[in-house]
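Single-letter residue listing:
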Amino acid sequence: MGSYLKEFSEVKAKNSSEEVLQRWRKACWLVKNHKRRFRFTANLSKRFEVREIQKSNQEKLRVAVLVSQAALSFIQGISYTPPDEVKAAGFGICADELGTIVEGHNPRKLKVHGGIQGISDKLSTSLTNGIEISDESLTRRTQTYGINKFTESPSKGFWLFVWEALQDTTLMILAVCAFVSLIVGIATEGWPKGAHDGLGIVASILLVVFVTATSDYKQSLQFKDLDKEKKKITVQVTRNGYRQKISIFDLLSGDIVHLGIGDQVPADGLFVSGYSLLINESSLTGESEPINVSAENPFLLSGTKVQDGSCKMLITTVGMRTQWGKLMATLCEGGDDETPLQVKLNGVATIIGKIGLFFAVITFAVLVQGLFSKKISDGSSWAWSADEALEMLEYFAIAVTIVVVAVPEGLPLAVTLSLAFAMKKMMNDKALVRHLAACETMGSATTICSDKTGTLTTNHMSVVKTCICGEVKEVSSGMKGSDFCSDSVAKMVTKSIFNNTGGDIVVAKNDKIEILGTPTETALLEFGLLLGGDFRAVREESKIVKVEPFNSEKKRMGVVLELPGKELFQAHCKGASEIILAACDRTLNSDGEVVPLDAKSVKYLEDTIEQFANEALRTLCLAYKDIEGEFSAVNPVSFEGYTLIGIVGIKDPVRPGVKESVAICRSAGIMVRMVTGDNINTAKAIARECGILTDDGIAIEGPEFRMKTDEELQKLIPKLQVMARSSPMDKHTLVRHLRTTFGEVVAVTGDGTNDAPALHEADIGLAMGIAGTEVAKESADVIILDDNFSTIVTVAKWGRSVYVNIQKFVQFQLTVNVVALIVNFSSACLTGSAPLTAVQLLWVNMIMDTLGALALATEPPNNDLMKRTPVGRKGNFISNAMWRNIMGQSVYQFVIIWYLQTSGKVAFNLSGDDSSLILNTIIFNSFVFCQVFNEVSSREMEKINVFKGILENYVFVIVLSCTVFFQVIIIEFLGTFANTHPLTLQQWAVCILLGFIGMPIAAAVKLIPVGSRTKQVRTRLSVCISC
């Protein structure tokens, strides 16, 4: 089948070109219901609109900058008067005017309004304390400036899904047949007898439509809930004088927002203060070159990302008044890329549909030829009665219904159903799936490249050891600064910690001290407070003139301070211990004096760093140096001549359950590798504790990894388990080699902005929900909401569950397809009649399509899934085992149906006028119960025990119960409409028994070895023994 699915095999899990997406759509021409089949696929026209908007934005910004530069000299004579309603609300500027200033990059107007301070005053806010919030002021502010939400297309109601389900071409043809049948039937046989056949088809159509619409509507609600979760972004704001976290949707014009590396600019606004701020505007304009934002160029646009630096900004324009709001309204309609499995199953559905269409045409031709032959033999070829016309119509309806059954529209939709179910459940397990394909791909993962900090460890850090003035001491909560060092040294330590930080110490609403920042920064700030330091007092003693934010490449961050009273500057640096130590040539002694670092002292400090690292502590060095003379913020600070202040060892305990999760991955054939920026000894200690680093595994540092040739990497990577002191590009290189050279399906975790390339390169990018930046989350496919490695294992288990569930459903549906096609076709050719009527085939179609998908595609995962080897990149979705099961079950069902059709009257002693109707009812009933028991057998494709955990899947039990219940109703009470006859208890027992015998047949078929791998045979034998 692979050669026929070429157009359907080009779609990748990520980053497929629009040409490829367009190609498979064109190849998929045999579709019953376009709206339903392509509902969960990308809207390529909307994506084109987004690109056009980005181009337009880029041009607008370019023109705005040129115009503003040219117009700076024409400020005189410009005035502005706010509208009366704005004045009445207590503000001095309207939303439209704010929009022209920021979106238009108009420094001329900004200057007219008194600069940023003037805008702040007109917005009735404080650049220090933010806006004062009360119910009244909140209402006035939102009425004047709007809310920070973009317009979304209204969600579809239930009746719209009913209407879309009615767009099925084959159902519409059947509806026409039913209408004609009603007219002819009533005209010839009167009401109500003549309407029975037509009404039966109408009722079946309506049942199919409403069940389908209900299933689709529930799916849409699940996706809507997930979309809400995806859009949850929080930011740090200052309101009423307090720092607090709020949702970006709650932001108002006048808010003061604090941004750091990786954050998304939540609304249009103005730069108030900050350092080294670089903004990436590619999401808004398509331009990848970052923009330097400062007091001279203070304009910040919503939806852009902070690439470097940090800042405080004043929100001016929110919601749909921003270009990002307008872009998002269109972007949201672009949809998610279809998954490879969806596309492949669309291809399978198309091929089977073509076969079904061929069989339907042949069946119709054979039935019509039989009718003509009969009429010719009777000599009445030109005389047609109403009954014969109805018979011809019934033949056409049967042919159309064969197409309904043969085109497995439910195959690609089952993928969506299973993914929606899994994604909803994964949300409860703390994993937010951003892209549908990730859930599917994760089931095939063979390698996980995991961060250490916060993923394998708790991310609750504290300083537990220090080496200050050459003395190693353990830290406890009751200690004071004098317990570590002299007052002068303690003062230098707190000066370095409190100034050279990306964190902050603020007063919360309840006057409680709150420490903000990354766990590492928080640990250092807590240590600074333990030493007796006053954060605000230390920060006010000197002025920060330059900030070099932490850089994953350099493994350090630094600041330059302007000391008071004299032209002296002081640079402070902290970072990876061995890197900072290498830049130091002096240190502080116990009296606070600067003394040279000799070789003996360096060796002692290196041994101390190694000792801390071997105890699984994260080590950081603090250092400083004086800069005499003039210093400009644009000048780089030379990385040499520093004075060592001290070394700190930070404890970050391994998360509970990580070791067990790594063991589960190993048993599942998934290799876990640690990729971290930490010291190699710390990394090895943690890796051993987690069970990642084994005796035959290799641990290497990033710089050494970079120097390896491709030949050396080919030998190294299979055994590589730990990479320490790695840069983001090292991680990217490792992922690329694993995917391309070794054919691995790679999942990668990341939390920083610089992790974005590796997350994008990986088959599955996993961003951290707590520690992760918005840039990392946007590049990821799954967000791990609790930053826990065990959650990643849960995602892998759900991914495998989705893959296996869809395989089960495909096996079940293809069996029904094969049998229904062959039975009706062979019967039409050999007997001149079809045993299954249009109404009965519609009911069978619903059992195998919507109800079958609900039952089999929503099976929850079990632990046995993680005892199998992964499918990998080249695994066949429709496996040999599936073909074996399909053919075995199809042969059995066909033999049973054929036997009943040829010898059923004798076997059941049927005679009289109703004998044919009773026999056809027995055939229909036996066929349905074959599907009921085959559905149970399909729960396991390899194992004999198919009842394990069946009661835990309440959806499966309910669907099966409803199927049996409605089958009884159809047989016993709806015979007039469904062409059935009530059966005796004995006949019911035989029908159920014939269906049940399919289960031991299925079990026996599973013992037949398939493929060339002896491992499969051994697996089946062990399964048989265990069962």
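Bear in mind the structure is a predicted one, so any value in this text is a computation, not a measurement. (Residues numbered from 1 in each chain as written. Predicted model: local features only at pLDDT ≥ 70, side-chain atom pairs only at ≥ 80, totals over all residues. Heavy atoms only, no water.)

Moving on, we get to the overall build of the protein chain. A tally of regular secondary structure across the protein chain gives 37 helices and 26 strands. Here the protein chain holds 1027 residues, and the buried ones make up 55% of them. Summing over all exposed atoms, the protein chain offers an accessible surface of approximately 43,300 Å²; the carbon and sulfur share of this is 57%. (Helix = DSSP H or I, 4+ residues; strand = E, 2+ residues; numbered from the N terminus. Buried < 20%, exposed > 50% of the residue type's maximum accessible area, 1.4 Å probe, protein only. Areas by Shrake-Rupley, 256 points an atom, 1.4 Å probe, with all protein chains shown as cover.)

If you trace the 8 strands from one edge of the open sheet to the other, you get S8-S26-S25-S24-S9-S21-S23-S22, paired in mixed fashion. Only two strands of the sheet have a single neighbouring strand rather than two, namely strand S8 (431-433) and strand S22 (698-701). Here the average twist between neighbouring strands, direction ignored, is 20°. Pairing between strand S25 (residues 764-768) and strand S26 (residues 782-784): 3 bridges, direction parallel. Directly across from Ala-767, in S26, lies its bridge partner Ile-783. Against the sheet, helix H27 (residues 728-740) touches strand S9 (447-450), strand S21 (671-675), strand S23 (720-724) and strand S24 (746-750), its axis set at about 170° to S24. (Pairing = 2+ DSSP bridges. Axes fitted to C-alpha atoms, helices over the stretch in contact; angles between N-to-C directions. Contact = heavy atoms within 4.5 Å.)

Attention now goes to the side chain of Thr-980. With respect to the element layout, Thr-980 can be found in the loop between helix H35 (975-978) and helix H36 (985-1005). One polar contact links the side chain of Thr-980 to the main-chain carbonyl oxygen of Ile-970, over a distance of 3.0 Å. In this view, Thr-980 contacts Gln-840, Leu-917, Thr-921, Phe-924, Ile-970, Ile-971, Leu-974 and Gly-975; residues no more than four positions away in its chain are not counted. (Polar contact = N/O pair within 3.5 Å; in protein donor to acceptor, adjacent residues only side chain to side chain.)

Next up on the list: the pattern of salt bridges. This structure, assessed with the given rule, holds 26 salt bridges. A salt bridge links Asp-504 to Arg-536, with the nearest nitrogen and oxygen atoms 3.0 Å apart. A residue pair is termed long-range when its members are at least 10 positions apart, and Asp-504 in strand S12 (residues 504-507) and Arg-536 in helix H20 (residues 535-541) qualify at 32 residues. A salt bridge links Glu-859 to Arg-939, with the nearest nitrogen and oxygen atoms 2.4 Å apart. Of the two residues, Glu-859 is situated in the loop between helix H31 (838-856) and helix H32 (880-907) and Arg-939 in the loop between helix H33 (915-937) and helix H34 (954-973); the sequence distance between them amounts to 80 residues. Sharing partners across several salt bridges, the network here consists of Asp-864, Lys-867, Lys-943 and Lys-948. (Salt bridge = Lys/Arg side-chain N within 4 Å of Asp/Glu carboxyl O.)

Before going further, it helps to examine unusual backbone geometry. Backbone geometry follows two general trends: most residues other than glycine have a negative phi, and most peptide bonds adopt the trans configuration. Despite not being glycine, Cys-469 shows a phi value in the positive range, around 55°. Within the secondary structure layout, Cys-469 lies in the loop between strand S10 (462-468) and strand S11 (471-474). Since its relative accessible area comes to 17%, Cys-469 is described here as buried.

Here H31 crosses H34 at 160°, and the two axes come no closer than 8 Å. The angle between H31 and H34 falls in the class roughly antiparallel. Between H31 and H34 lies a crossing of right-handed hand. Along the contact surface, H31 presents Trp-843, Ile-847, Leu-851, Leu-854, Ala-855 and Leu-856, while H34 presents Val-955, Phe-956, Val-959, Thr-963, Phe-966, Gln-967 and Ile-970. Partitioned by chemical class, the residues of the contact of H31 with H34 number 11 nonpolar, 2 polar and no charged. (Parallel < 35°, antiparallel > 145°, perpendicular 65-115°, else oblique. Left-handed = near helix turned anticlockwise from the far one by under 90°. Nonpolar A, V, L, I, M, F, W, Y, C, P; charged D, E, K, R; others polar.)

Where strand S17 (residues 584-588) lies against strand S20 (residues 642-651), 3 bridges are found, and the strand directions are parallel. The residue bridging Thr-587 from the neighbouring strand is Leu-644, located in S20. In terms of strand pairing, S17 meets strand S18 (residues 594-596) through 3 bridges, oriented antiparallel. Paired with Arg-586 across the strands is Pro-596, a residue of S18. Between S17 and S18, which follow one another and run antiparallel, lie 5 residues, and Gly-592 among them has a positive phi close to 85°.

Next up on the list: H36. If you check H36, its first and last C-alpha atoms are 30 Å apart, about what 21 residues at 1.5 Å a residue would give, namely 30 Å. For H36, the set of buried residues is Gln-987, Trp-988, Cys-991, Leu-994, Gly-995, Gly-998, Met-999, Ala-1002, Ala-1003 and Val-1005. The elements touched by buried residues of H36 are H32, H33 and H34. (Expected span 1.5 Å × (residues − 1).)

With that out of the way, let us pick up the packing of aromatic side chains. Overall, the coordinates contain 16 aromatic pairs when judged by the stated rule. Linked through ring pairs, Phe-158, Trp-159, Phe-161, Phe-210 and Tyr-217 together constitute an aromatic cluster. If you follow Lys-156 out to its NZ or CZ, it ends over the ring of Phe-161, 5.8 Å from the centre. Its guanidinium or amino end placed over the ring of Phe-639, Arg-556 lies 3.8 Å from that ring's centre, counting from NZ or CZ. (Phe/Tyr/Trp six-rings, centres within 6.5 Å; stacked < 30°, edge-to-face > 60°. Lys NZ or Arg CZ within 6 Å of the ring centre and 35° of its normal.)

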